[in-house]
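# Examination of the molecular architecture
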Amino acid sequence: MNFEYIKVDRAYETNVALIELNRPKELNALNLQLMSELRNALIELDDDEEVRAIVLTGNERAFAAGADIKQMAGKSAIDMLEIDQFSTWDQIKKTKKPIIAAVSGFALGGGCELAMTCDMIVASETAKFGQPEIKIGVMPGAGGTQRLTKAIGKVRAMEMVLTGKFISAEEALDFGLINKVVPVEMCLEEAITLAKTIAFQSPIAVRLAKESVLKAFDSTLEQGLMFERKNFYMTFASEDQKEGMNAFIEKRKPDFKGK
Ligand code: HXC
């Protein structure tokens, strides 16, 4: 995988892959090429049997400061429609393997939306989350009004989206937007530790469980429960189910093969 604006490291011994956003001078502003590279990397990692969990990170100053304003400034609505950047975002959303965002510094606009598109967020004490699009005459377009509202509730989301104010990592934790806050030098390590814990489980059960949790966002409780039940039954079609339950009974660690 040859990329200009991201770096990909497949750490096979732990079954965890790392993607690093790499436009540091522009605070990892998400231009179209970066997003397309990210989509392609995720498709490849999703297809790679050795990879069981993915960590997405930026650098200490910025996870990502949003979509690239310089690239968007002169565009018309029809240009934006034809560019169809959201098909890239939709593909990211479809990634079957769990993605953990490790966020330090700015996660703003599309950067905050990208972190929220991931399945979990580990943040460092320096992280700042915000949807500041309102200050440049637009509004969130990659899920900010929806995922943020579902995560932290209407009044807090409304304040962030309508004023553009940033929140700290501590506030984000308090509001339920992120999983944990750690010192900056620990952020990536913590995210990788979390990813390794997931990578140790049955990848089939992890995939079906991720799908089921996400189903809760766009289904009624009854539909979600039926979906969950079918996925639960499906886990019994895997060798990993036998391995996991037998390992428990035999008082040993399971060795999940993803079969
Ligand atoms: C393009 C950006 C950028 C962005 C920063 N830069 N954010 N370039 N798009 N989103 C560039 C700056 O122009 C500058 O380049 C360099 O990165 C460093 O940024 P500074 O502003 O000098 O740094 P600082 O003073 O520390 O301020 C940091 C900041 C500020 C608070 C994060 O950069 C900022 O407000 N950025 C924009 C945040 C934003 O509005 N995001 C939402 C974008 S819209 P030069 O060359 O001048 O040194 C969006 C919509 C998503 O995301 C819709 C779905 C796709």
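Higher on the page you've got the structure.
The notes below deal with the structure included here.

Criteria and thresholds
- Residues numbered from 1 in each chain as written.
- Predicted model: local features only at pLDDT ≥ 70, side-chain atom pairs only at ≥ 80, totals over all residues.
- Heavy atoms only, no water.
- Axes fitted to C-alpha atoms, helices over the stretch in contact; angles between N-to-C directions.
- Helix = DSSP H or I, 4+ residues; strand = E, 2+ residues; numbered from the N terminus.
- Parallel < 35°, antiparallel > 145°, perpendicular 65-115°, else oblique.
- Left-handed = near helix turned anticlockwise from the far one by under 90°.
- Contact = heavy atoms within 4.5 Å.
- Nonpolar A, V, L, I, M, F, W, Y, C, P; charged D, E, K, R; others polar.
- Pairing = 2+ DSSP bridges.
- 1 Å grid on protein atoms, 1.4 Å probe; cavity = no way out; pocket = protein on both sides within 12 Å on 5 of 7 lines; lining within 4 Å.
- Points joined across faces, edges and corners; volume = space filled by probe spheres on them.
- Patch = residues over 30% accessible without salt bridge, like charges linked within 9 Å, V, L, I, M, F, W, Y side chains within 5 Å.
- Areas by Shrake-Rupley, 256 points an atom, 1.4 Å probe, with all protein chains shown as cover.
- Salt bridge = Lys/Arg side-chain N within 4 Å of Asp/Glu carboxyl O.
- Buried < 20%, exposed > 50% of the residue type's maximum accessible area, 1.4 Å probe, protein only.
- Expected span 1.5 Å × (residues − 1).
- Arc of directions from axis to C-beta.
- Near = heavy atom within 4 Å.
- Polar contact = N/O pair within 3.5 Å; in protein donor to acceptor, adjacent residues only side chain to side chain.
- Sits in = over half its atoms within 2 Å of the grid points.

## Regarding the packing of helix 1 (residues 32–47) against helix 4 (residues 86–93)
The contact between helix 1 and helix 4 brings their axes to 9 Å, and the two run at 30 degrees. Relative to helix 4, the element helix 1 is oriented roughly parallel. Crossing of helix 1 against helix 4: the hand is left-handed. Two secondary-structure elements touch here, helix 1 through M35, S36, L38, R39, L42 and I43 and helix 4 through T88, W89, Q91 and I92. Residues of the contact of helix 1 with helix 4, tallied by class, amount to six nonpolar, three polar and one charged.

## A short note on the sheet that holds strand 1 (residues 6–11)
One open sheet accounts for six strands, arranged 1-2-3-5-7-10; its pairing is mixed. The open sheet has two free edges, formed respectively by strand 1 and strand 10 (180–182), since each of these has just one partner strand. Between one strand axis and the next, the sheet turns through 20 degrees on average, direction left out of account. In this structure, strand 2 (residues 16–21) lies alongside strand 3 (residues 53–57), joined through five bridges in parallel fashion. Residue pairing across strands places A17 opposite I54, the latter belonging to strand 3. Contacting strand 1, strand 2, strand 3 and strand 5 (99–103), helix 1 runs over the sheet at an angle of about 15 degrees to strand 1.

## Here we look at empty space enclosed by the protein
Within the structure shown, the criterion is met by one cavity of 30 Å³ or more. Lining the largest cavity are L30, N31, L32, A67, D68, Q71, M72, K75, M80, I83 and Q85. Secondary-structure elements contributing two or more residues to the lining of the largest cavity are helix 2 (69–72) and helix 3 (77–83). Classifying every residue of the lining of the largest cavity by side-chain character gives six nonpolar, three polar and two charged.

## Quick word on a nonpolar patch on the surface
Taken together, the side chains of F232, Y233, F236 and M245 present a nonpolar region at the surface, about 440 Å² in accessible area. Looking at the element boundaries, M245 is found in helix 12 (residues 239–249). Look at M245 and you get partly exposed, because its relative accessible area is 45%.

## Description of helix 9 (residues 187–199)
With 13 residues, helix 9 should cover 18 Å at 1.5 Å per step; its first-to-last C-alpha distance of 18 Å lies within 8% of that length. Among all positions in helix 9, only C187, A191, A195, I198 and A199 are buried. On an axial view of helix 9, the arc spanned by its buried residues comes to 105 degrees, and they lie on one face. Buried residues along helix 9 sit against strand 2, strand 3, strand 5, strand 7 (120–124), strand 10 and helix 10 (203–215).

## A word on the layout of surface pockets
Taken as a whole, the largest pocket encloses approximately 1,000 Å³ of empty space. For the largest pocket, the lining is made up of 32 residues, of which T117, D119, R147, L214 and F217 are closest to its centre. Sorting the residues of the lining of the largest pocket by element identifies helix 4, helix 5 (110–117), strand 7, helix 6 (144–152) and helix 10 as the ones contributing at least two each. Counting residues per element, the lining of the largest pocket draws most heavily on helix 10, at eight residues. The residue inventory of the lining of the largest pocket, partitioned by class, reads 16 nonpolar, five polar and eleven charged.

## Notes on the site of the ligand
Near the ligand lie 25 residues; those nearest to it are R61, A65, A67, I69 and G110. Within the backbone of I69, a nitrogen or oxygen atom sits 2.9 Å from a nitrogen atom of the ligand. For the ligand, the accessible surface in isolation is 1,000 Å², of which the surrounding protein chains cover 67%. Judged by its atoms lying within 2 Å of the grid points, the ligand is housed in the second largest pocket. Looking at the shell around the ligand, the elements that each hand over two or more residues are helix 2, helix 4, strand 6 (106–108) and helix 5. Ranked by residues supplied to the shell around the ligand, first place goes to helix 2 with three residues. Classifying every residue of the shell around the ligand gives 13 nonpolar, five polar and seven charged.

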